[in-house]
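Inside the fold
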Amino acid sequence: MCGLIVITLSNRFPLSNVRRLERIIKVICLLNMPQGSYLSAAVATTGVLAGAYCVYHLYNEAQKRKLPTTWREVGSLKDIYIYPIKSCGPVRKDRAECTLLGLKDGWLRDRALMVVDDKYNFITAISYPVLLLVRQTMRNSVLILQHSDMEILYVDLSEVALKPIQTSNVCGVEVPVHDCGYEASEWLSRLLDNSADNFRLVLYASNNSRKLKIPANNMSKFRKTDTGALPDELPFHLMNQASVDDLNTKLQGNKVCYKNFRPNFLITGAGPYEEDDWKYVKIGENIFEVIKPCTSDTTEPESRPSTENVSQIGLHMILCSGTGGFVSINDRVYVA
């Protein structure tokens, strides 16, 4: 009855007036209920509101990460690496800013660009290992790409960021990107398969983490802000030099280097595989939560993919102490 009155009035009066009248009519309808019905409705409404509040409160509490207050020093930060283009060579830095999307130094952002095919699907160095030989540097907003068989390519990211947003795909998730243009496409296409325009370079077009794709094991630690820009899973990757050294004593044939695992942070001072028991890592004043071990196959940093597949070495982490902090070479590393 109340709904019928409101629908009828909405055809004759401004919507704002109808909404006010709707609230009045609902009150009148409640007041005209039998006493038992009125009390039942009030109790039911109160119960629903209380239940909704409890669910909301529990959800917020679950989303909060309670940070440790006691730390143990284990070593120091030896190297910092940023990979502007996913699957291409690293840029070593002495200092970098920590953000929810990963490491950053001005326009230099970790895994904020990627190479895609003509259907805008991400391609990897596993299929095109020559990508690993692409050297990257940054001068202000200009990304400079070099390869021994190619002329130097300059890409001004400040101009790219003004281009229309398109949709690409990385790890099964659609992401917003800016296309870096024809020159970058032609350069990469000649490098990868000597074609004209089979490949393109794209820049991540958001200040927020990409859409979350829940992994197969549905790890409850993942939140929608934890995915970063374009990494496979998480925005920060740490390697322990002692673990890599110990691993090499067990490998026959080809040895591995920490660069095989493409870490952001390389630490020294901790014992082999000691990182397996860490839940939090503190570098300088920045606190990271360990979400999972790294399970990626290794890839030779300066030649072709290695035949050795090594699982669970290194840590995938997320930033949980707030953005804007900096990490520097020789920072002390603490764990909890």
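Thresholds applied
Every residue gets a number counted from 1 within its own chain, in the order that chain's sequence is written. The predicted nature of this model means local features are confined to residues of pLDDT at least 70 and side-chain atom pairs, given and counted, to a pLDDT of 80 or more, with totals for whole chains, interfaces and linings taken over all residues. Only heavy atoms go into the side-chain values, all of them from the structure, while hydrogens and water stay out. Strands are treated as partners if at least two bridges between them are detected by DSSP. Secondary structure elements follow DSSP: runs of H or I no shorter than four residues count as helices, runs of E no shorter than two count as strands, and numbering proceeds from the N terminus. Under this scheme, a helix contributes an axis fitted over its contacting stretch, all axes are lines through C-alpha atoms, and angles between N-to-C directions fall in the 0 to 180 degree range. It only takes one pair of heavy atoms within 4.5 Å for two residues to be counted as in contact. Under the convention used throughout, the expected extent of a helix is 1.5 Å for every residue step, that is, one less than its residue count. The classification of residues rests on relative accessible area computed with a 1.4 Å probe and restricted to protein chains. Under 20% of the type maximum is buried, over 50% is exposed, and intermediate values are partly exposed.

As annotated in an unreviewed UniProt entry, the chain is (African queen) hypothetical protein from Danaus chrysippus.

1. Describing the sheet that holds strand 9 (residues 153-156)
As a general point, the strands of a sheet are linked pairwise by backbone hydrogen bonds and lie either parallel or antiparallel. Taken together, 3 strands build an open sheet; the order of strands is 7-8-9 and the sheet is antiparallel. Because the sheet does not close on itself, it has two edges, and the strands there are strand 7 (135-139) and strand 9. When the angles between neighbouring strand axes are averaged without regard to direction, this sheet yields 25°. Bridging between strand 7 and strand 8 (residues 142-146) involves 5 bridges; their strand directions are antiparallel. Note that in strand 8 the partner of Arg135 across the bridge is Gln146. Helix 5 (residues 182-193) contacts strand 8 and strand 9 of the sheet and is inclined by roughly 145° relative to strand 9.

2. Points about helix 5
Helix length check: helix 5, at 12 residues, gives a terminal C-alpha distance of 16 Å against a target of 16 Å (1.5 Å per residue), a fit within 8%. Those residues of helix 5 that fall on the buried side of the exposure criterion are Ala184, Ser185, Trp187, Leu188, Ser189, Leu191 and Leu192. Buried residues along helix 5 sit against strand 6 (113-117), strand 8, strand 9 and strand 12 (199-204).

3. Focus on the pairing of strand 4 (residues 102-105)
Sheet topology note: the strand 3 (residues 95-99)/strand 4 ladder contains 3 bridges and is antiparallel. Directly across from Cys98, in strand 4, lies its bridge partner Leu103. Here strand 3 hands over to strand 4 after 2 residues, the two strands then running antiparallel side by side. Where strand 4 lies against strand 5 (residues 108-109), 2 bridges are found, and the strand directions are antiparallel. Looking at the pairing, Asp105 lines up with Leu108 of strand 5. The turn linking strand 4 back onto strand 5 is made up of 2 residues, and Gly106 within it adopts a positive phi angle of 65°.

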